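So you can see what is in the structure, the chains are spelled out below.
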Amino acid sequence: MEKTIKTPLRKLTRRTTKRSWKLKQKLKLAWKSIKMQVRSHLPGFLSTKKRLTHMKSRNQEQELAQAARRICKISNDATNSLAYLLQLPKYSASDFLDRGDMMTPAASPRENISKAWRELHGSKNWENLLDPLHPWLRREITKYGEFVESVYDSLDFDPLSEFCGSCRYNRNKLFEELGLTRHGYKVTKYIYAMSHVDVPQWFLSSSLGETWSKDSNWMGFVAVSGDRESLRIGRRDIVVAWRGTVTPTEWFMDLRTSKEPFDCKSEHGKNVVKVQSGFFSIYNSKSELTRYNKESASEQTMEEVKRLVKFFKDRGEEVSLTVTGHSLGGALALMNAYEAARDVPELSGNVSVISFGAPRVGNLAFKERMNSLGVKVLRVVNKQDIVPKLPGIVFNKVLNKLNPITSRLSWVYRHVGTQLKLDVFTSPYIKQDSDLAGCHNLEVYLHVLDGFHRKKSGFRVNARRDVASVNKSTDMLLDHLRIPECWYQVAHKGLILNKQTGRWVKPVRAPEDIPSPLSTGPRPIYSL
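Summarised in this report is the structure supplied together with it. (Residues numbered from 1 in each chain as written. Predicted model: local features only at pLDDT ≥ 70, side-chain atom pairs only at ≥ 80, totals over all residues. Heavy atoms only, no water.)

**Observations regarding the overall build of the chain**
For step 1, the next point in the chain: When helices and strands are tallied, the chain shows 14 helices and 11 strands.
For step 2, the next point in the chain: Of the contacts made within the chain by residues no fewer than 6 positions apart, 73% connect residues no fewer than 24 positions apart.
For step 3, the next point in the chain: Counting only carbon and sulfur atoms, one obtains 54% of the accessible surface of the chain, whose full area is about 27000 Å². (Helix = DSSP H or I, 4+ residues; strand = E, 2+ residues; numbered from the N terminus. Contact = heavy atoms within 4.5 Å. Areas by Shrake-Rupley, 256 points an atom, 1.4 Å probe, with all protein chains shown as cover.)

Printed below as a string of structure tokens:
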């Protein structure tokens, strides 16, 4: 009996190898007390069991059952006590039942950060804010991550849909449909990118019959903070959110490793600024023969950013630009921020990038030029995620070991900015044998970020973000939580029941939600 109780202890103590000596002492004392309680009941239990071999009376069976229940209760108390001492949040399947107003809110209160917004926006490269992670910064990073997640959540990537590759909602109700109005931003423009370039197969539109566009796909949006949110954060914040690919395995098949000149207007030193050719194609491709990409994604974005900056600067407001993206979107965010810092002088010193699981983008000249333009970059990276090691995962790793000999090689891919490194398996809710593909998922990133406090501490006991979100498009959560895998999907896979005919049919999109070249224009600013 003692042996069976010791088993979970050994597993729990392994997780505390890096904990403080004081916590270990508390653990030993607590377990010693628990063992003494078990031993006090164990003799009675064993003697009762021995007597049963000679007599099978009902009273003795009841006595044995009671003794067994006492042992089980002590075992459960042991687990609870250890979980408390280790500061591990405890969840069970019952915690995910809908209890209405009795449940704890999934979002933390948001303070007024107007006096500290420059530091939170990276003016000092987030010095002294990352370890430990400042709660205000955590909430701001999470906010931008949720903007990117909203692009994934509203993307129609059903290959059977005539609108595959578009957004399911028009920009006026995107945040309302996804429950993000609490952030206080309004979408002003959608961004489209060409789909005939060298990108993964899922990026291509449906080839079945007529589609909304055979050339373009929805990649993200431009949004701006409303009056109330601007007052809280201390400035008018323009956000550009870019989505990325679906799975990291696609990078091995579809990612080209050659570079293209990115900034032909200037050279940094003797070296031309270059970026990965696949990223460059997606960001700059356009064609007069298309409906949505007569302008490239770059031109669409920069036109809207300049318009918003001029409008709010003319009103005498402080304006910032925050470009955010995940995976491929993180690469597009870097190029977007580069152009904005170079071409919009009114934004000088107020351009930042918040990326999640982003790959390397350009050469040394690109990195140095980004630094000279004053662009602040915060890269959120999961330790187990392979995408931030691309392109050139093997080659770059070898060259890094030869540093400083290779530190000035201009043709090697370079990361830009400050890194916030997370560890997926610090979460007590994640399966320890989870596949590495899930470690690239944006919801997993936001979950681990919510639980991160500092490098040498465990998962935060007061983390507030909804744990069930992890399994929106993965199977990463522990089975005993009973959260279905990949649960986020359109009801009945997009079919609805026609009550008049009794047939299951594809619904007709509302006219305002049908993609139209006329709807890609900017949103009137006065409606903010």
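**Digging into the side chain of Arg138**
For step 1, the next point in the chain: Within the fold, Arg138 resides in helix α5 (residues 135-154).
For step 2, the next point in the chain: Buried within the structure, Arg138 lacks any salt-bridge partner; Asp450 is the closest side chain of opposite charge, at an N-O distance of 5.0 Å.
For step 3, the next point in the chain: Apart from the residues lying within four places of it in its own chain, the contact partners of Arg138 are Leu133, Leu449, Asp450, Phe452, His453 and Arg460. (Buried < 20%, exposed > 50% of the residue type's maximum accessible area, 1.4 Å probe, protein only. Lys, Arg positive; Asp, Glu negative; His and termini not counted. Salt bridge = Lys/Arg side-chain N within 4 Å of Asp/Glu carboxyl O.)

**A few points about the sheet that holds strand β2 (residues 216-225)**
For step 1, the next point in the chain: Pairing is mixed in the open sheet, where seven strands are placed in the order β1-β2-β3-β6-β7-β8-β9. Every other strand in the sheet has two partners, leaving β1 (185-194) and β9 (418-422) as the edge strands with one partner each. If you compare each strand with its neighbour and ignore which way they point, the axes differ by 15° on average.
For step 2, the next point in the chain: Relative to strand β8 (residues 376-382), strand β7 (residues 351-356) is paired through five bridges, and the arrangement is parallel. Its bridge partner being in β8, Ser355 is matched across the sheet by Arg379.
For step 3, the next point in the chain: Seen against the sheet, helix α11 (residues 328-343) touches β2, β3 (236-242), β6 (319-326), β7 and β8 and runs at an angle of roughly 155° to β6. (Pairing = 2+ DSSP bridges. Axes fitted to C-alpha atoms, helices over the stretch in contact; angles between N-to-C directions.)

**Considering a nonpolar patch on the surface**
For step 1, the next point in the chain: A grouping of Leu495, Leu497 and Trp504 is seen on the molecular surface, where their side chains present a nonpolar patch of about 280 Å² in accessible area.
For step 2, the next point in the chain: The residue Leu497 is located in strand β10 (residues 496-498) in this model. (Patch = residues over 30% accessible without salt bridge, like charges linked within 9 Å, V, L, I, M, F, W, Y side chains within 5 Å.)

**Some remarks on unusual backbone geometry**
For step 1, the next point in the chain: Across the junction of Asp131 and Pro132, the peptide omega takes the value 5°, indicating a cis bond.
For step 2, the next point in the chain: Mapped onto the elements of the fold, Pro132 is located in the loop between α4 (117-120) and α5.
For step 3, the next point in the chain: In this structure, Trp126 takes a positive phi of about 60° despite not being glycine.
For step 4, the next point in the chain: Relative to the elements of secondary structure, Trp126 occurs in the loop between α4 and α5.
For step 5, the next point in the chain: In this structure, Arg482 is a non-glycine residue whose phi angle is positive, near 60°.
For step 6, the next point in the chain: Relative to the elements of secondary structure, Arg482 occurs in the loop between α14 (442-451) and β10.
For step 7, the next point in the chain: Among the residues examined, Arg482 registers a relative accessible area of 70% and is labelled exposed.

**Let's talk about the pairing of β9**
For step 1, the next point in the chain: With burial as the criterion, only one face of β9 is covered, namely that bearing Thr418, Leu420 and Leu422; the residues Gln419 and Lys421 on the opposite face remain uncovered.
For step 2, the next point in the chain: Relative to β9, β8 is paired through five bridges, and the arrangement is parallel. Following the sheet pairing, Val381 is matched in β9 by Lys421.

**Thoughts on the packing of helix α9 (residues 277-284) against α11**
For step 1, the next point in the chain: Where α9 meets α11, the closest approach of the two axes is 10 Å, and the angle between their N-to-C directions is 65°. Between α9 and α11, the crossing angle belongs to the class labelled roughly perpendicular. In the packing of α9 onto α11, the handedness of the crossing is right-handed. Of α11, the residues touching α9 (which contributes Phe279, Phe280, Ile282 and Tyr283) are Leu328, Ala331, Leu332, Met335, Asn336 and Glu339.
For step 2, the next point in the chain: Here the contact of α9 with α11 is composed, by residue class, of eight nonpolar, one polar and one charged. (Parallel < 35°, antiparallel > 145°, perpendicular 65-115°, else oblique. Left-handed = near helix turned anticlockwise from the far one by under 90°. Nonpolar A, V, L, I, M, F, W, Y, C, P; charged D, E, K, R; others polar.)

**Topic: a positive patch on the surface**
For step 1, the next point in the chain: There is a patch of like positive charges on the surface, built from Lys383, Lys389, Lys421 and Lys455.
For step 2, the next point in the chain: Position of Lys421 among the secondary structure elements: in strand β9. (Charge placed at Lys NZ, Arg CZ, Asp CG, Glu CD.)

**Description of the packing of aromatic side chains**
For step 1, the next point in the chain: This model, assessed by the stated rule, comprises 15 aromatic pairs.
For step 2, the next point in the chain: With a centroid separation of 5.0 Å and 70° between ring planes, the pair formed by Phe147 and Tyr185 is classed as edge-to-face. Taken together, the positions of Phe147 in helix α5 and Tyr185 in strand β1 put the pair 38 residues apart, joining distant regions of the chain. In this pair, the class of Phe147 matches that of Tyr185, namely buried.
For step 3, the next point in the chain: Judged by centre distance (6.4 Å) and plane angle (85°), the ring pair of Phe147 and Phe221 falls under edge-to-face. One end of the pair, Phe147, is in helix α5; the other, Phe221, is in strand β2, and 74 residues separate them in sequence. (Phe/Tyr/Trp six-rings, centres within 6.5 Å; stacked < 30°, edge-to-face > 60°.)

**Quick notes on helix α12 (residues 364-373)**
For step 1, the next point in the chain: Considered for burial, the residues of α12 that qualify are Leu364, Ala365, Phe366, Arg369, Met370 and Leu373.
For step 2, the next point in the chain: Where α12 is buried, its residues touch β5 (274-276), α11 and β8.
For step 3, the next point in the chain: Among the residues trailing α12, Gly374 stands out with phi positive, at a value near 85°.

**Comments concerning the pairing of β8**
For step 1, the next point in the chain: Burial within β8 is extensive, with seven of its seven residues counted as buried.
For step 2, the next point in the chain: The side-chain alternation of β8 yields two buried faces, one formed by Lys376, Leu378, Val380 and Asn382 and the other by Val377, Arg379 and Val381.
For step 3, the next point in the chain: Each parallel crossover has a hand, and the one from β7 via α12 to β8 is right-handed. (Right-handed = clockwise from strand over helix to strand, strands pointing away.)

**Observations concerning the pattern of salt bridges**
As a working rule, side chains carrying opposite charge can pair if their charged atoms are close by.
For step 1, the next point in the chain: Tallied over the full model, the rule gives 29 salt bridges.
For step 2, the next point in the chain: Each of Glu146, Glu149, Asp153, Arg182, Glu443, Arg465 and Lys472 takes part in salt bridges that share partners, so that together they form one network.

**Comments concerning the nonpolar core**
For step 1, the next point in the chain: Ranked by internal contacts, the top residues of the largest apolar core, which has 57 residues, are Ile141, Leu174, Phe221 and Leu420.
For step 2, the next point in the chain: With seven residues, α5 is the largest single contributor of residues to this core.
For step 3, the next point in the chain: Setting aside its immediate chain neighbours within four residues, Ile141 contacts Ile354, Phe356, Leu378, Val380, Leu420 and Leu449.
For step 4, the next point in the chain: Core analysis: the next-biggest nonpolar cluster, separate from the first, contains 45 residues, Val224, Phe262, Met302 and Leu332 among them. (Core = buried A, V, L, I, M, F, W, Y, C linked by side-chain atoms within 4.5 Å.)

**Structural notes on the environment of Gly349**
For step 1, the next point in the chain: Structurally, Gly349 can be placed in the loop between α11 and β7.
For step 2, the next point in the chain: Judged by its relative accessible area of 49%, Gly349 falls in the partly exposed class.
For step 3, the next point in the chain: In this structure the C-alpha to C-alpha distance between Gly349 and Ser320, which are 29 residues apart in sequence, comes to 8.6 Å.

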